[in-house]
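Structure at a glance
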Amino acid sequence: MIRLFFVADSRIADSILTLKFDHFLDPQPNQTYICFGLGHGHEPIDLLQIYQNHGIDTSTMTVITDQQLMDQNSLPGFDYYKFSGWIAQQFFKLLALDQVNSDRVLIQDCDTFSLAPYQYFDGSTPKYYVIENTTQSLEYYQYVKKFTGQARQTSHCFVTEFMPVLKKDWVALKNHIEQTYGCNWLLAMEQVFSADVNSNPNNSSPIWFSEYELLGNLGLQKNPNAGFQFQNRLSIYDDTTGFWKHHPDHYTVEEFLKLDNIDKFNCVCIKSSTAVEEEHLAPILDSIMSQIFPLVSNKEPQ
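Residues numbered from 1 in each chain as written. Predicted model: local features only at pLDDT ≥ 70, side-chain atom pairs only at ≥ 80, totals over all residues. Heavy atoms only, no water.

1. Brief notes about the nonpolar core
This is how the line gets drawn: To form a nonpolar core, buried Ala, Val, Leu, Ile, Met, Phe, Trp, Tyr and Cys residues must be joined to one another through side-chain atoms within 4.5 Å. The buried label goes to any residue with under 20% of its type's maximum accessible area, the exposed label to any with over 50%, and the partly exposed label to all in between, with areas taken from a 1.4 Å probe on protein chains only. Secondary structure counts use DSSP, requiring at least four H or I residues in a row for a helix and at least two E residues in a row for a strand, with both numbered from the N terminus. Only heavy atoms matter for contacts: two residues are in contact if any of them lie within 4.5 Å across the pair.
Ranked by internal contacts, the top residues of the largest apolar core, which has 48 residues, are L4, I107, M189, F193 and F209. At eight residues, the largest contribution of residues to this core is made by helix α4 (residues 85–99). In contact with F193, not counting residues within four places along its chain, are F83, I87, F91, Y143, F147, I207 and F209.

2. A closer look at the sheet that holds strand β13 (residues 250–252)
Just so we agree on the cut-off: We call two strands paired when DSSP finds no fewer than two bridges between them. For helices, the fitted axis covers only the stretch in contact; all axes are lines through C-alpha atoms, and the angles between them, taken along N-to-C directions, range from 0 to 180 degrees.
With mixed pairing, four strands are arranged side by side in an open sheet as β6-β14-β12-β13. Both edges of this open sheet fall to β6 (112–114) and β13, since each of them pairs with a single strand only. Recorded for the sheet is a direction-independent mean angle of 25 degrees between the axes of neighbouring strands. With three bridges joining them, β6 and strand β14 (residues 267–271) adopt antiparallel strand pairing. Bridge pairing in β14 links S114 to C267.

3. Let's talk about the state of the cysteines
Rules: Only a pair of cysteine sulfur atoms within 2.5 Å counts as a disulfide in this structure description.
Following the criterion strictly, the structure yields zero disulfides and no others. With no disulfide of its own, C267 has C269 as its nearest cysteine by sulfur position, at a separation of 7.2 Å. By relative accessible area, C267 is classed as buried at 0%.

4. Some points on the environment of V197
Along the chain, V197 turns up in helix α7 (residues 185–199). Judged by its relative accessible area of 12%, V197 falls in the buried class. C-alpha of V197 to C-alpha of F83: the two residues are 114 residues apart in sequence and 8.8 Å apart in space.

5. Overview of the pairing of strand β1 (residues 2–8)
Burial runs high along β1: six of the seven residues are buried. As defined by bridge partners, β1 adjoins strand β3 (residues 31–37) across seven bridges and the pair is classed as parallel. Considered in β3, the bridge of R3 is made with T32. As defined by bridge partners, β1 adjoins strand β5 (residues 104–109) across five bridges and the pair is classed as parallel. The residue of β5 that forms the bridge with I2 is V105.

Printed below as a string of structure tokens:
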């Protein structure tokens, strides 16, 4: 079983914290491919060495850069950033899924970790971490219909930063997209997104597309007996932008460290807007870990 773990160069601190909670994943990945987004002109980073410096076992980890993913693609001139960096990240996830050789795959963002055991496959059947009875952008579900040919499959939301995928389901979707649009699946997505941008009165992006909603609804189409585990997440943010201040269950690190009701949460998402230099990582990570560990000890897998 392979995990695709997505890390941007500005989210290394988040990824360190997340990897310290891998023991809650069931099954444990046999191999983790860290899909690393290194900013243009950035000095090379030895990511595995940084992880080792913070006590993380990297023996089953391999780093693959966005550039390597692009180089292995059969469309060398494809513009991944045409619509936005956010859409480019989703293209990279789908590209990594397309290239990986495994029957079962877990896609995970580096900024989110579970505080309780999460069994994401029951044998060969996916079990989805979802937000109960939640609807996000309606465009997400319009693209589900455009690319799979079927409507949204559940009232639950798949945008939880964890996505178990059966490779055969992805291959079926890729083939469906290519047969429907008569071209490579990436070109088909570009074609659909471009048409929507051009039909917008302001002729502007962003495109509100979710790879998690696409893959989750695809999974339910192919595996109607798939199970759910409800995610009740706590989000930690830095306060440099103020964007998250008015969102429920979003806290600064300082606010988080004072919480006394963390037991109601089973997942943490870190919404930082700035990178943390490595020499400043330890005290921040230690503070957060010291608050979390005593409160999750009764949830540790046996």
